[in-house]
Amino acid sequence: MDKLIITGGVPLKGEIRVSGAKNAALPILAATLLSDGVVTVGNIPHLHDITTTMELLGRMGVELVVDERMNIEVDSSSIKDFYAPYELVKTMRASILVLGPLVSRFGEALVSLPGGCAIGSRPVNLHIQGLSKMGADIKVEKGFIRAKAKKLKGTRLIMDLVTVTGTENLMMAATLAKGTTTIENAAREPEVVDLANCLTAMGAHIDGAGTDTILIEGVDSLNGTKYDVLPDRIETGTYLAAAAITGGHVRLKDTRPEMLKAVVEKLKEAGADITLGDTWIEINMHGDRPQAVNVRTSPYPAFPTDMQAQFTAVNVVADGTGVISETVFENRFMHVHELQRMGADIRLQGNTAVTRGVQRLTAAPVMATDLRASASLVLAGLVAAGDTAVDRIYHIDRGYESIEEKLAKLGARIRRVPG
Ligand code: UD1
């Protein structure tokens, strides 16, 4: 297994490009299953989760053509199986996103249950409940969700809690349902809006994406289109945090600053000087140590859970005491134990981590446990004295395109060694 070796102590400086958003690309690739025509998706990041999705679609018989710029052309007219096997779903929970499109367009789906994962039990009961309410006949048996429907029917869905992929699955299913569906207490994440924009370009009738009530009027069929996915706000935020932790000066281009308001506010509180353009963000720490901040994760537009681990890393070397509360997932502090091995002073109390900043971390061999936790270990490595070896970086490759190249471009001493 590959490792990243990071020699800490260099303040990051320079400019890098932000990649397309993983969490928009995944539902959009699933949405291509709804189209009668060819859908070409651009600005796709080169990531392991994207390869997994392509394999998932390919195994169903869908034809995919990828060019050298990672534009993916998808033609689902050749589909023969409506099946998502355990071996793929277990490596990527977002595989569940094929459930809504398959049952809505083809009337059947057999999708493995994702099961547990490192950051909690993460059930999909709300996806299933919503589709049942739209008239699908769903059985959960032998670890699989088996769904059948002649034609889904529009209905009023009130979500028990805000779920991103749940909202996306049901929105996709509703585009080809008979009549009108409303999704109340819907997720408002920019990736939900991006998916809605892509579906609209395919001919769907959707209103209210980005608010907590989405209205979808079913149509008979959807057409092909060409769509570029939006920039990755979590990747953007991660490199901003990397600049903050190292006292650096970094400019991120090809991003959308308006998606990062909560993160930018916290960075300002931490002492960062931030300048925003239309498509870029610049952060300058002027060589200073960050101030500790208090963070509470919540659905968008509040502070994202996907940035929690990175801010925990910033806090552990910051000046003062910080309180980080995780309210979205039940067990998302796996990085804490690894950070403690590097000398971090963190007390865990239920879903809260209290950090007391230390002047310097010390390098240690550490292990990535999930995607964002691994990013926080890389950030810690950037400021630790000595060589930090981050093991199990396949987690990072799921969600960060060429992380070592991008960090090296900013001056970091980082290399990948094959394991
Ligand atoms: C998505 C993101 C992930 C992010 C998360 C929260 C993708 C591919 N992944 O994950 O990066 O961390 O949103 O912003 O977009 N829940 C239920 N029942 C359900 C569905 C969810 O109880 O049927 C719970 C979950 O356990 C969790 C909370 O709802 O506690 C939010 O999860 P959800 O928004 O669904 O996360 P994902 O869509 O899986």
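Cut-offs applied
- Residues numbered from 1 in each chain as written.
- Predicted model: local features only at pLDDT ≥ 70, side-chain atom pairs only at ≥ 80, totals over all residues.
- Heavy atoms only, no water.
- 1 Å grid on protein atoms, 1.4 Å probe; cavity = no way out; pocket = protein on both sides within 12 Å on 5 of 7 lines; lining within 4 Å.
- Points joined across faces, edges and corners; volume = space filled by probe spheres on them.
- Nonpolar A, V, L, I, M, F, W, Y, C, P; charged D, E, K, R; others polar.
- Phe/Tyr/Trp six-rings, centres within 6.5 Å; stacked < 30°, edge-to-face > 60°.
- Buried < 20%, exposed > 50% of the residue type's maximum accessible area, 1.4 Å probe, protein only.
- Lys NZ or Arg CZ within 6 Å of the ring centre and 35° of its normal.
- Helix = DSSP H or I, 4+ residues; strand = E, 2+ residues; numbered from the N terminus.
- Polar contact = N/O pair within 3.5 Å; in protein donor to acceptor, adjacent residues only side chain to side chain.
- Contact = heavy atoms within 4.5 Å.
- Pairing = 2+ DSSP bridges.
- Axes fitted to C-alpha atoms, helices over the stretch in contact; angles between N-to-C directions.
- Core = buried A, V, L, I, M, F, W, Y, C linked by side-chain atoms within 4.5 Å.
- Near = heavy atom within 4 Å.
- Areas by Shrake-Rupley, 256 points an atom, 1.4 Å probe, with all protein chains shown as cover.
- Salt bridge = Lys/Arg side-chain N within 4 Å of Asp/Glu carboxyl O.

Q: Explain the layout of surface pockets residue by residue, including any values.
A: What the second largest pocket holds in volume is close to 250 Å³. A per-class count over the lining of the second largest pocket returns seven nonpolar, five polar and three charged.

Q: An account of the packing of aromatic side chains is needed here, citing residue identities and associated values.
A: In this structure the tally under the stated criterion is three aromatic pairs. The interplanar angle of 80° and the centroid separation of 5.0 Å between the aromatic rings of Phe303 and Phe311 together place this pair among those described as edge-to-face. Both residues of the pair, Phe303 and Phe311, count as buried. Across the ring face of Trp280, the terminal group of Arg251 is positioned such that the distance to the ring centre comes to 3.9 Å.

Q: Tell me about the side chain of Gln308, residues and numbers included.
A: By the secondary structure assignment, Gln308 is in helix α10 (residues 308-316). Overall, the relative accessible area of 0% leaves Gln308 in the buried class. Within polar-contact distance, the side chain of Gln308 engages the side chain of His335 at 3.0 Å. Discounting chain neighbours no more than four positions away, the residues touching Gln308 are Thr297, Phe303, Ile324, Glu326, Arg332, Phe333 and His335.

Q: So what's going on with the sheet that holds strand β19 (residues 321-325)? Which residues, and what values?
A: With respect to topology, four strands assemble into an open sheet ordered β18-β19-β21-β20, the strand pairing being mixed. A single partner strand is all that each edge strand has here, and the edge strands are β18 (295-296) and β20 (345-349). Where β20 lies against strand β21 (residues 352-356), five bridges are found, and the strand directions are antiparallel. For Ile346, the partnering residue across the bridge sits in β21 and is Thr355. Along the sheet, α10 contacts β18, β19, β20 and β21; its crossing angle with β19, the most-contacted strand, is approximately 165°.

Q: Give a description of the nonpolar core that names residues and reports values.
A: Generally speaking, a soluble globular protein has its nonpolar side chains buried in company with each other. One finds Ile50, Leu131, Met171 and Leu199 to be the most contacted residues of the largest nonpolar core, which totals 78 residues. With seven residues, the top contributor of residues to this core is helix α1 (residues 22-31). Setting aside chain neighbours within four positions, we find Leu131 in contact with Leu99, Gly100, Val103, Ala136, Ile138, Leu152, Leu170 and Ala173. Among the nonpolar cores identified, the runner-up in size contains 65 residues, and Val18, Val336, Ala344 and Ala364 belong to it.

Q: Could you give an account of empty space enclosed by the protein, naming the residues involved and the relevant values?
A: All told, the structure shown has one cavity of 30 Å³ or more when counted by the stated rule. Approximately 40 Å³ is the volume attributed to the largest cavity. If you go around the largest cavity, the residues you meet are Leu26, Ala30, Thr53, Leu56, Met92, Ala94, Ser95, Leu97 and Val98. Among the secondary structure elements, those contributing two or more residues to the lining of the largest cavity are α1 and α2 (48-59). The residue inventory of the lining of the largest cavity, partitioned by class, reads seven nonpolar, two polar and no charged.

Q: Tell me about the site of the ligand, residues and numbers included.
A: The immediate surroundings of the ligand are formed by 18 residues, with Asn125, Thr163, Thr165, Asp306 and Val328 found nearest. Side-chain polar atom of Asn125 to a nitrogen atom of the ligand: 2.7 Å apart, as the coordinates give it. Surface burial for the ligand is 85%, taken as the share of its 740 Å² of free accessible area covered by protein chains. Among the secondary structure elements, those contributing two or more residues to the shell around the ligand are α5 (125-133) and α6 (164-175). Of the residues forming the shell around the ligand, the biggest block, three residues, is contributed by α5.

Q: Residue-level account of the pattern of salt bridges, with values.
A: Applying the stated rule across the entire model yields 22 salt bridges. A salt bridge links Asp306 to Arg332; the shortest N-O distance between them is 2.9 Å. Pair noted here: Asp306 is in the loop between β18 and α10 and Arg332 is in the loop between β19 and α11 (334-341), with a separation of 26 residues, a long-range link. When salt bridges with common partners are traced through the structure, they connect Asp2, Asp397, Glu404 and Arg416 into a single cluster.

Q: Could you give me a rundown of the pairing of strand β16 (residues 273-276), with the residues and numbers involved?
A: When β16 meets strand β17 (residues 280-284), the two strands line up antiparallel, connected through four bridges. The partner of Leu276 across the bridge, within β17, is Ile281. What sits between the antiparallel neighbours β16 and β17 is a turn of three residues.

Q: Let's hear about the sheet that holds strand β2 (residues 13-17): which residues, and what values?
A: Pairing is mixed in the open sheet, where four strands are placed in the order β2-β15-β17-β16. On the outer flanks of this sheet lie β2 and β16, each paired with one strand and no other. When strand polarity is set aside, the average angle formed by the axes of neighbouring strands in this sheet is 10°. Inspection of the sheet shows β2 paired to strand β15 (residues 249-253) by five bridges, in the parallel sense. When the bridges of β15 are listed, Glu15 appears paired with Arg251. Packing against the sheet, helix α8 (residues 233-246) makes contact with β2, β15 and β17, and its axis sits at approximately 20° to β17. The strands touched by helix α9 (residues 261-269) are β16 and β17; relative to β16, the strand with the most contacts, the crossing angle is about 150°.

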